[in-house]
Amino acid sequence: MTINERIRALRGAMKEAGADVCLVLSQDAHQSEYVAPYWQCRAYMSGFTGSAGTFVCTKDQSAVWVDGRYFLQGEEQTKDSEVQLMKIGEPGVPSYAQWIVDNVPQGGKLFVDGRTISASQMAQLKRFLDRKKIVVEADKDLVGQIWTDRPALPKGPIFDLAVEYTGESRAEKLGRLRYSMSTSEEKEEKADCVADGVLTDDRKIGGGADYYLIASLESTAWLLNLRGSDIEGTPVPYAFTLVGTDSCRLFIDPDKVKEDMKDALEKDGVRVLPYDDLPKTLKSLDGQGAKRIALDPSLVNELLLESIPKDWVKVLVRDLVIEMKGTKNTVERANIYKAHIKDGAVMVRFIKWVKETVKDRPITECQAAEYLDDLRKAQPGSLGISFTTIAGYGPNGAIVHYEPVPESCAVMKPEGFVLVDSGAQYLEGTTDITRTIALGPLTDEMKESYTMVLKGHLQLGHARFPEHISGTNLDILARKPLWDKALDYKHGTGHGVGYLLGVHEGPMNISYRQSNVTLVPGMLISDEPGYYPTGKYGVRIENLMMVERWCQNEWGTFDQMNFVTLCPYERQAIVKEMLTDQEIRWVDQYHQRIYEELSPLLDEDTAAWLKEETRPL
C-alpha cells in the first residue's frame, strides 16, 4: 500500500472504533529511541523514517512533526503523500497537541496505543486536551489492525557479558540499586510527574521503595549484564525488570533464555518470567498489602502504570539505573579506550580507501557505507555497527541524519566533501564518530566552514571546568565560532554514549537547552558541532570524550575533557590562519597521539599514509 492508502485504511479503523483522531508515536513499550521493526508504526503510517517524530491522523487531515535534524529528510519523504510536514520550533508551527485541539471537535475521542506513550507524556496530553474535553483511549492499537504484514517481535538469544568487560557483577549492581531504593533522601525536583493520573510540577523522592520497576531496555541490560540482538545497532533484549528488596524478576521471552543462562540468572537471584506477565505479576502482588513502588514515569508506559495496584504508593524518580550506568567504572573506561584504538584503525583504513578509490572509479554513498560497515564487522570482538552509517556526499551532507539507500544514493566524485557519521559495537564498548572527508578540491567557503566547526570542536574537547556544572555551561564553547558569524546548527552539541549499549545515553548532554545533570568523571559524551548550508554540503566533526578529574586546589575541584576517539582531522580543509597558536598545538598533539596509537595496527602502506596525514600543521 502507498502512504495515502494506509491512511485511508487507518481512517476506516478509526471510524469503526469511534475515533476522531489517532496519535501514532515513535516509541516502543519501553520508550526506546531506536525500535524493532514491529514498533515502527509512525514510519509505516507517515513514510518518514527518522528516529524521532509524531504522526497524527484525523478524519480529513494528517501530519508528522519532526525536529531540526530531520527537516530536509522529512520534506523529501512526505512530498508524495497527503502528510503535512510540521517543523518543530519554526514560526507558526503548532505542537501536535495544539494541532489536535484545533482540529478535533469538542468532546472528541483520541486513540493511542497505550504501550507506546509514557505515563508522564499521557498526563501532559490529557491535561492539554481537557480544554476541549477530548477523551483519550489507550487500549487499542489501530495501526496494528491495518498493518497486515507487520513484522513479529524479535526473538534473538541473550548472552552474559563477562565481568572483564563490565567491571561489576550483576549481584553487585543489584546490591547498589537496592541501596538507592532504600536510602533516597527526601528532596524536591522540578519535573513532569504523574500522581493518580494528574500532572504535577513538584515531586518528593524518598521514604524508600519496596519495588523498583525498570522499563528501559538499556537499564535492564546494564543492571543484569545481559546483551541481546532485538534492536539493530543496540545490543539489548526486549525485557522488563521488577526489583524487590529481596527479589528480582526478569520479564522476557523465555525462548531467548537458554538453560545455562537461566541457571546463571537464578543463581544470582533473578527469576525469569514471560515478557507479557508483568501486569499479571503486579496484580498478584496486591495481596501483600499497600506497597511503595519506584518508577520513572517518562519510561514506564501508560498501560503498565494502570496495572499497578491502586493502593500502592508510586515513588516517581528519574531512572536510578540510568544514573548508575552513566558513570563508567575503571574497567569500562579502560576497555573504552581499547575499543577506540581498534575503531580508529578502521576509520584510517576507510578514509584512505575512499580518498584513493574515488579517484579511480565512481563509488556511491551506499558502497562507501557498506565498505566501512564490513571493516568494522571484521574486527575481533565486534557485534556490528551502533547505528545506520550516514554517508552524505555534497548536498546530502546538509541533511543532518541522512541515510543513503541504494535506489537514490549519490555517486561520489573526486571533489567536495562527504560527511560520514558512523559507529560500532565492540565487547570493549560503543563508538560514535563523524568525519567530514575531502574527496578532492574544495572551495574557500568549504574550508572556512570546516575550520569554524573545528575551532568549536577543539575548544569543547579541551575544556577544563569546576565540578558540579552541566553541559549547558559548556555548549557555547562549540558554538561561538559559528555564532560570531551569525551561524548555528539545529542539534545538540553532545550526547552520552553507553557501554555496549545505546549510542545515545542519558542523562547527560551538551546543549544550550537547560539541564540540571552535572558532568562527573567517568561520563562518556560526544563533541559534535556542525554546519549545514542547505543544498551545498555538510560539515560535522565528532569525537567522544571522557570526563576526567583534572586537579584540586584552594579554588575547588576541577575536571577536564579527554578525547577517546582517534582519527585524523581533514588537514586539506583546515585554514591554518583561522586557528590560534593553542588550537594548532592541540591539533598537532592529537595527530601525534593518533599516529603513535594506531600505526602499530596498520600495514606499512597505510601507516605511511597516516604519517603524512598527521604531520604537524
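Numbering of residues starts from 1 in every chain and runs along the sequence as written. Under the rules for a predicted model, residues below a pLDDT of 70 receive no local features and side-chain atom pairs below 80 are neither given nor counted, while totals for whole chains, interfaces and linings still include all residues. Side-chain numbers come from the whole structure's heavy atoms, not from hydrogens or water.

K.L.:
Looking at this structure, how should I read the packing of aromatic side chains?
P.N.:
Two numbers describe a pair of aromatic rings. These are the distance of the centres and the angle of the planes. Put simply, two rings from Phe, Tyr or Trp (the six-membered ring, in Trp's case) pair if the centres are within 6.5 Å, and we call them stacked under 30 degrees between planes, edge-to-face over 60, tilted for the rest. What the rule picks out here adds up to 14 aromatic pairs. Arranged with centres 5.5 Å apart and planes meeting at 70 degrees, the rings of Trp-65 and Trp-99 form a pair that is edge-to-face. A residue pair is termed long-range when its members are at least 10 positions apart, and Trp-65 in strand S3 (residues 62-66) and Trp-99 in helix H4 (residues 96-103) qualify at 34 residues. A single burial state applies to Trp-65 and to Trp-99, both of which are buried. Between Tyr-569 and Tyr-590 the ring centres are 5.1 Å apart and the planes differ by 35 degrees, which places this aromatic pair in the tilted class. Taken together, the residues Tyr-569 in the loop between strand S32 (556-563) and helix H18 (581-598) and Tyr-590 in helix H18 connect sequence positions 21 residues apart. On the basis of relative accessibility, which here comes to 2%, the residue Tyr-569 falls in the buried class. An aromatic cluster is present here, built from Trp-65, Tyr-96 and Trp-99 joined pairwise through their rings. By definition here, charges over rings are those cases where NZ of Lys or CZ of Arg is within 6 Å of the ring centre and within 35 degrees of the ring normal. Above the plane of the ring of Tyr-489 lies Arg-479, whose end atom (NZ or CZ) is 3.9 Å from the centre. Here a strand is any run of E in DSSP of at least two residues, a helix any run of H or I of at least four, and the numbering for each starts at the N terminus. Three exposure classes are used, based on accessible area relative to the maximum for each residue type with a 1.4 Å probe and protein chains only: buried under 20%, partly exposed in between, and exposed over 50%.

K.L.:
It is not clear to me how the pattern of salt bridges should be interpreted in this structure. Could you clarify?
P.N.:
Oppositely charged side chains are able to pair whenever their charged atoms sit close together. In what follows, salt bridge is the name for a side-chain nitrogen of Lys or Arg lying within 4 Å of a carboxyl oxygen of Asp or Glu. Applying the stated rule across the entire model yields 38 salt bridges. The residue Arg-11 makes a salt bridge to Glu-82 at a minimum N-O spacing of 2.8 Å. One end of the pair, Arg-11, is in helix H1 (residues 3-17); the other, Glu-82, is in the loop between helix H3 (71-78) and strand S4 (84-87), with 71 residues separating them in the sequence. Across the pair Asp-141 and Arg-150 runs a salt bridge whose closest N-O atoms are separated by 2.6 Å. By relative accessible area, Arg-150 is classed as buried at 16%. It is possible to trace a salt-bridge network through shared partners that takes in Asp-113, Arg-115, Asp-141 and Arg-150.

K.L.:
Please explain the domain arrangement of the protein as it appears in this structure.
P.N.:
Where interface size is quoted, it is often the accessible area lost as the parts come together. When the domains of the protein are assigned, the result is domain 1 (3-146), domain 2 (159-325) and domain 3 (330-604). Segment limits for the domains were obtained from an automatic or database-derived domain assignment. For domain 2 versus domain 3, the separation of C-alpha centres amounts to 34 Å. Note on definitions: a residue-residue contact is assigned when non-hydrogen atoms from the two residues lie within 4.5 Å. Of the residues lining the interface, 19 residues belong to domain 2; the matching set on domain 3 comes to 20 residues. Both sides of the domain 2 and domain 3 interface together cover about 1500 Å² of buried area, and 56% of this is carbon and sulfur. On the surface where domain 2 and domain 3 come into contact, there are one salt bridge. Note on definitions: buried area is the accessible-area loss of two parts on being combined, 1.4 Å probe, summed for both.

K.L.:
How should I be thinking about the packing of H18 against helix H19 (residues 604-613) in this particular structure?
P.N.:
Each packed pair of helices is defined by two parameters, the angle between the axes and the distance between the axes. Where H18 contacts H19, the axes come no closer than 9 Å and their chain directions differ by 170 degrees. For the element pair H18 / H19, the angle class is roughly antiparallel. In this structure, H18 uses His-591, Ile-594, Tyr-595 and Leu-598 to contact H19, whose residues at the interface are Ala-607, Leu-610, Lys-611 and Glu-613. In terms of residue class, the contact of H18 with H19 is made up of five nonpolar, one polar and two charged. With axes taken as lines fitted to C-alpha atoms, and helix axes fitted only over the stretch in contact, angles between N-to-C directions fall between 0 and 180 degrees. Roughly parallel refers to an angle under 35 degrees, roughly antiparallel to one over 145, roughly perpendicular to one between 65 and 115, and oblique to any angle outside these ranges. Side-chain classes follow a simple rule in which Ala, Val, Leu, Ile, Met, Phe, Trp, Tyr, Cys and Pro form the nonpolar group, Asp, Glu, Lys and Arg form the charged group, and the remainder, Gly included, forms the polar group.

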